[in-house]
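# Topology and contacts: notes
Listed below, chain by chain, are the residues.
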Amino acid sequence: MSVILFYITAVAILLFAFLSVTTRRILRAAVYLLFVLIGTAAIYFLLRYNFLAALQLTLYAGGIIVLIIFSIMLTSQMNNKLEKPNDLQVVLASVTSVVGVGLVLFVILNHSTFITQYSEKIYNVKEVALSLISYQKNGYALPFEVISVLLLAAMVAAIIMAKRELKNKEQ
C-alpha cells in the first residue's frame with residue numbers, strides 16, 4: 001500500500017513541478033510550488049522521517065511559500081502574465097535539464113557506496129536539532145543565518161526594484 005502511495009505522490013510532485021515552471025501566471029507558479037513541497041513532505045512521512053516532514057511543512061510549505069506570495073502581492077505582480085520564452089531559451093533550458101538529470105544519475109549510480117554509508121546511520125531528533133543550532137564543527141547555524149540574510153536582502157531588493165518600475169510606469 002505504501003508503494004502505491006509513494007508512486008501517486010511522486011507523480012503528483014512531478015506534475016505540479018512541471019506546472020510550476022510552465023505556467024505563465026506567477027501566483028499560480030507559487031501555488032504549484034506549494035503542492036510540490038507538500039508532496040515532498042508526504043514522501044518524508046511515508047519514509048517515517050516525521051521530523052524532516054514537519055520541518056518541510058513548517059519551513060518551506062509554510063514559511064517560504066507565504067514569503068513568496070506576500071512578495072508577489074506587495075509588488076502588484078499578481079495578475080501579470082510572464083512573457084513566452086523564445087526558442088533559444090527553450091533549447092537552453094532543455095539542455096540544462098538533461099545535463100542536470102544526467103549528472104544526478106551519474107552521481108547516484110557511481111557513488112552508491114558513499115550514499116549508503118551515510119544513509120545507514122540512524123540519527124535521532126536530538127542529534128539533528130543540536131547540529132542545526134550548533135556553531136561547532138558539524139553545526140549549521142551560521143550557514144542558515146547567512147542564507148536567511150541573503151534571502152531577506154534579495155527579497156527587499158526585488159520589492160524595491162518592482163516598486164520603482166511601477167512608479168516609473170505611472171509617471
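Here, the structure is the one placed above.
Residues numbered from 1 in each chain as written. Predicted model: local features only at pLDDT ≥ 70, side-chain atom pairs only at ≥ 80, totals over all residues. Heavy atoms only, no water.

Let us look at the overall build of the chain. The secondary structure content of the chain amounts to seven helices and zero strands. A buried classification covers 13% of the 171 residues belonging to the chain. Taking the contacts inside the chain whose residues are at least 6 apart along the sequence as the reference set, 56% of them involve residues at least 24 apart. Summed over its atoms, the accessible surface of the chain is roughly 13,600 Å², and 71% of this surface lies on carbon and sulfur atoms. (Helix = DSSP H or I, 4+ residues; strand = E, 2+ residues; numbered from the N terminus. Buried < 20%, exposed > 50% of the residue type's maximum accessible area, 1.4 Å probe, protein only. Contact = heavy atoms within 4.5 Å. Areas by Shrake-Rupley, 256 points an atom, 1.4 Å probe, with all protein chains shown as cover.)

Here we take up a positive patch on the surface. Residues Arg24, Arg28, Lys81 and Lys84 make up a contiguous surface patch of positive charge. With respect to the helices, strands and loops of the structure, arginine 24 is situated in the loop between α1 (2-22) and α2 (26-46). Arginine 24 sits in the partly exposed class, given a relative accessible area of 36%. (Patch = residues over 30% accessible without salt bridge, like charges linked within 9 Å, V, L, I, M, F, W, Y side chains within 5 Å. Salt bridge = Lys/Arg side-chain N within 4 Å of Asp/Glu carboxyl O. Lys, Arg positive; Asp, Glu negative; His and termini not counted. Charge placed at Lys NZ, Arg CZ, Asp CG, Glu CD.)

Running from amino to carboxyl end, α2 crosses helix α3 (residues 50-74) at an angle of 175°, the nearest separation of the two axes being 8 Å. Here α3 runs roughly antiparallel to α2, going by the angle between their axes. Each of Ile26, Leu27, Ala30, Leu33, Leu34, Leu37, Ile38, Thr40, Ala41, Tyr44 and Phe45 in α2 lies in contact with α3, whose residues at this interface are Asn50, Leu52, Ala53, Gln56, Leu57, Tyr60, Ala61, Ile65, Ile68, Ile69 and Ile72. Class assignment for the residues of the contact of α2 with α3 results in 19 nonpolar, three polar and no charged. (Axes fitted to C-alpha atoms, helices over the stretch in contact; angles between N-to-C directions. Parallel < 35°, antiparallel > 145°, perpendicular 65-115°, else oblique. Nonpolar A, V, L, I, M, F, W, Y, C, P; charged D, E, K, R; others polar.)

If you check the backbone angles, arginine 48 has positive phi at about 65° while not being a glycine. Structurally, arginine 48 can be placed in the loop between α2 and α3.

Moving on, we get to a nonpolar patch on the surface. A cluster of nonpolar side chains, Val31, Phe35, Ile38, Phe45 and Leu57, forms an exposed patch at the surface whose accessible area comes to about 370 Å². Here the element with the most residues in the nonpolar patch is α2; it accounts for four residues. Inspection of the secondary structure assignment puts phenylalanine 35 in helix α2.

Moving on, we come to the environment of isoleucine 64. Relative to the elements of secondary structure, isoleucine 64 occurs in helix α3. Using a relative accessible area of 32% as the deciding quantity, one classes isoleucine 64 as partly exposed.

Structurally, isoleucine 68 is set in helix α3. C-alpha of isoleucine 68 to C-alpha of methionine 155: the two residues are 87 residues apart in sequence and 8.7 Å apart in space. Those residues within four positions of isoleucine 68 in sequence are excluded, and the remaining contacts are Ala30 and Leu33.

α2 packs onto α1 with a crossing angle of 160° between their chain directions and a minimal axis gap of 8 Å. Taken together, α1 and α2 sit at an angle that is classed as roughly antiparallel. α1 and α2 meet at a crossing whose hand is left-handed. Residues Ser2, Leu5, Phe6, Thr9, Ile13, Phe16, Ala17, Leu19 and Ser20 of α1 form the contact with α2, whose participating residues are Ala29, Tyr32, Leu33, Phe35, Val36, Gly39, Thr40, Ala42, Ile43 and Leu46. Split by residue class, the contact of α1 with α2 holds 14 nonpolar, five polar and no charged. (Left-handed = near helix turned anticlockwise from the far one by under 90°.)

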